[in-house]
Amino acid sequence: HVQHCDNHTKNDVRNIYAIEKADENHLWIGTLKGLKRYDIRTKSFEDATDIYSNPISDVSIRSIITDSKERLWVGGEDGVILIRVTDNGDCNITRMEALDNVFVQSIYESSTNRIWIASRQGLFCVNENDWSLTRYSCSEGLPSDIIYGIEEDSFGRLWMSTDNGISCFNPYSNTFRNFTVVD
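Source: prediction; values computed, not measured. (Residues numbered from 1 in each chain as written. Predicted model: local features only at pLDDT ≥ 70, side-chain atom pairs only at ≥ 80, totals over all residues. Heavy atoms only, no water.)

A. Looking closely at the sheet that holds strand β8 (residues 91–95). With antiparallel pairing, 4 strands are arranged side by side in an open sheet as β5-β6-β7-β8. Sheet topology places β5 (61–66) and β8 at the edges, where each strand pairs with a single neighbour. Pairs of neighbouring strands in the sheet enclose a mean axial angle of 15°, with direction left out of account. One ladder, built from 5 bridges, connects strand β6 (residues 72–76) with strand β7 (residues 79–85); its direction is antiparallel. The partner of Val74 across the bridge, within β7, is Ile81. (Pairing = 2+ DSSP bridges. Helix = DSSP H or I, 4+ residues; strand = E, 2+ residues; numbered from the N terminus. Axes fitted to C-alpha atoms, helices over the stretch in contact; angles between N-to-C directions.)

So this is what it looks like as structure tokens:
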């Protein structure tokens, strides 16, 4: 049961697609109406625009992760936003322009600390040296360009759920192996 929640806030948090621990007392909540922070102690929601001066509301969010560098990656129907909070509490919000208008389903950080983005336009790997993207699609061996989720096995291979079965990507050989109900 949500307390301290007015009608406007209730409508904003009705469709929750992603959740990520912020700290011991807060959760990040991704909704169809933007990024919210839930305070576990007070049982209340706060809009991210009230926390950070840069507006990131009205962004439909499907995925949230905190990476190993304590950055918040927020993905949704209009791409990816990267949020970095500095030691003095300032917030830097960067929109990954190369992913504008890309419908992001899931964001994953692998054991090698690479960021992988599952989307309706294929799989993307972020190169943090120059912030370029490597895109993998049906042309490179995916069974579908629509990817829902990513998980990693103990060998460092990425397993993806797609619109056409499961795909296993080996990032060391850059090869895909696809599985359907026929297998």
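B. Main features of the sheet that holds strand β16 (residues 175–179). Reading across from one edge, β13-β14-β15-β16 is the order of the 4 strands in this open sheet, with antiparallel pairing throughout. In the strand order of this sheet, the two ends are held by β13 (147–152) and β16, each with one partner. Within the sheet, the average angular offset between the axes of one strand and its neighbour, ignoring direction, is 25°. Relative to strand β15 (residues 165–170), strand β14 (residues 158–162) runs antiparallel, the two sharing 5 bridges. Bridging across to β15, Ser161 finds its partner in Ile166.

C. Highlighting the confidence of the model for the protein chain. Per-residue confidence for the protein chain averages 88 on the pLDDT scale, and 89% of its residues sit at or above 70. Segment residues 1–8 is flagged for pLDDT under 50; beyond a separation of four residues in sequence, or across chains, it makes 9 contacts in the model. (pLDDT = per-residue confidence, 0-100. Contact = heavy atoms within 4.5 Å.)

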